[in-house]
Amino acid sequence: MSKVIYLDNNATTAVAPEVRQAMEPFLTEYYGNPSSMHTFGGQVARNVEEAREQVADLVGAHPTEIIFTSCGTESDNTAIRSALAVSAGRRHLITTRVEHPAVRNLCHVLGQEGSVGGGYRLTELPVDSQGMLNIADLGDALDDDTALATVMWANNETGVLFPVEDVGALCRSRGILFHTDAVQAVGKVPMNLADLPVDMLSLSGHKLHAPKGIGALYVRRGTRFSPFMLGGHQERNRRGGTEPVPSIVALGKAAELAKARLQEEQTRVRALRDRLEKGLLAKCPGAMLNGHPTARLPNTTNISFEYVEGEAILLLLDQHGICASSGSACTTGSLEPSHVLRAMGVPFTAAHGSVRFSLSVYNTEAEIDKVIEVLPPIIRRLREISPFGRDELARAKP
Ligand code: PLP
């Protein structure tokens, strides 16, 4: 396959060569079970602990606060179910309207009367037209029956960053557990959980250049916890199942790399993203940014091209080897406009024509310039064949 211009890093990322190299010996030579009594297995247990330290270091946590899981979705499910289990008697759950399906769909099931384990009272906080949360809405929603607030750190579709510190402080002042889905934030924004009022946090390896199938859940020391996966004594009885050592080692290495590259994310990647955004907004009449102009991940831009179909844009970009996304990968295949853009009140005609570009440290200026060259004629062509788009073009002409 010829080289692609990969701008879909919020869907998944390339495994870093350093990560692959780090995990390889654990697929071949060091295949022992870390729970075994013999030295062959025992030495592998030390590598698992080293990886735990690397992950803890990235997020500013203590290694014992890190539990390895299979993915971000498992971490989210574990955190939410644990909070409800340890807050027995409390029947209210707070989330937002823009969460990833890993949180949203579980909350919906929990909120359903008659579903297994359901019947919780669910509050889904709104966002404004820039995708931002109003902290006063959270204050109004919290009550003595609230077991948990689960509010994402960074939105996967728009990159909007929520004020997690304020959310956590408010929850803590009311004695309510706070979980944040930080799957998109970890490795892209600096974080020091030791100083933050966060009780639980989810992360996922494949969003930060580790392979798919490995994640972690941070659980602050002293937070009551109820395991989701029951089985052996692994992970200090908090997650049963033989540890996927190669993947854990990979996540550790990816965390170490991410920490070293945080500065680059904030400077070079941000500059590339801004170059792309400015170039497209300037060259495509009627294009508009979805999301907050500043409180945003450095790698993400979500742009609506009104009156054209996002899917058509993606297909034509694909012909040039350019990978982007129209909403989150989990919702493609559905013609429903994204629930995130709907919650922001983006008009239907614009939500349908939205494209998310998400960059990584592997992108170059030449790639960005190629997209700025290729996309405007695509939009023009699609507008010409769209009845609404033709009117729009006519209006845009002097
Ligand atoms: N949460 C967010 C914000 C995500 O973007 C994703 C993946 O897209 C997930 C959770 C799920 O993570 P995983 O694919 O590791 O299950």
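Residues numbered from 1 in each chain as written. Predicted model: local features only at pLDDT ≥ 70, side-chain atom pairs only at ≥ 80, totals over all residues. Heavy atoms only, no water.

Participant: Please clarify how unusual backbone geometry should be interpreted in this entry.
Facilitator: Of all residues except glycine, most have a negative phi; of all peptide bonds, most are trans. Here Glu-235, not a glycine, exhibits a phi torsion of approximately 50 degrees, which is positive. The buried category is assigned to Glu-235, whose relative accessible area is 6%. You will see that Arg-236, though not glycine, has its phi angle at about 55 degrees, which is positive. You can see Arg-236 is positioned in helix 7 (residues 234-237). Note on Arg-236: relative accessible area 59%, which makes it exposed. (Buried < 20%, exposed > 50% of the residue type's maximum accessible area, 1.4 Å probe, protein only. Helix = DSSP H or I, 4+ residues; strand = E, 2+ residues; numbered from the N terminus.)

Participant: When you look at helix 9 (residues 310-319) in this model, what are you seeing that I'm missing?
Facilitator: Of the positions making up helix 9, those classed as buried are Gly-310, Ile-313, Leu-314, Leu-316 and Leu-317. Taken around the axis of helix 9, the buried residues stretch over an arc of 170 degrees, which confines them to a single face. Within helix 9, the exposed residues directed more than 90 degrees away from the buried face are Leu-315 and Gln-319. Among the structural elements, strand 10 (300-305), strand 11 (322-323), strand 12 (354-358) and helix 12 (365-385) are those in contact with the buried residues of helix 9. Downstream of helix 9 by a residue or two, Gly-321 has a phi angle that is positive, lying close to 75 degrees. (Arc of directions from axis to C-beta. Contact = heavy atoms within 4.5 Å.)

Participant: Quick question: what am I supposed to make of the sheet that holds strand 9 (residues 287-289) here?
Facilitator: Strand pairing in a sheet takes place through backbone hydrogen bonds and is either antiparallel or parallel in direction. Read from one edge to the other, the open sheet built from three strands follows the order 9-10-12, with strand pairing classed as antiparallel. Either end of the sheet is taken by a strand with one partner, and the two such strands are strand 9 and strand 12. Each neighbouring strand pair of the sheet contributes to a mean axis angle of 25 degrees, computed without reference to strand direction. Taken together, the five bridges between strand 10 and strand 12 define a ladder with antiparallel strand orientation. Bridging across to strand 12, Ile-303 finds its partner in Val-355. (Pairing = 2+ DSSP bridges. Axes fitted to C-alpha atoms, helices over the stretch in contact; angles between N-to-C directions.)

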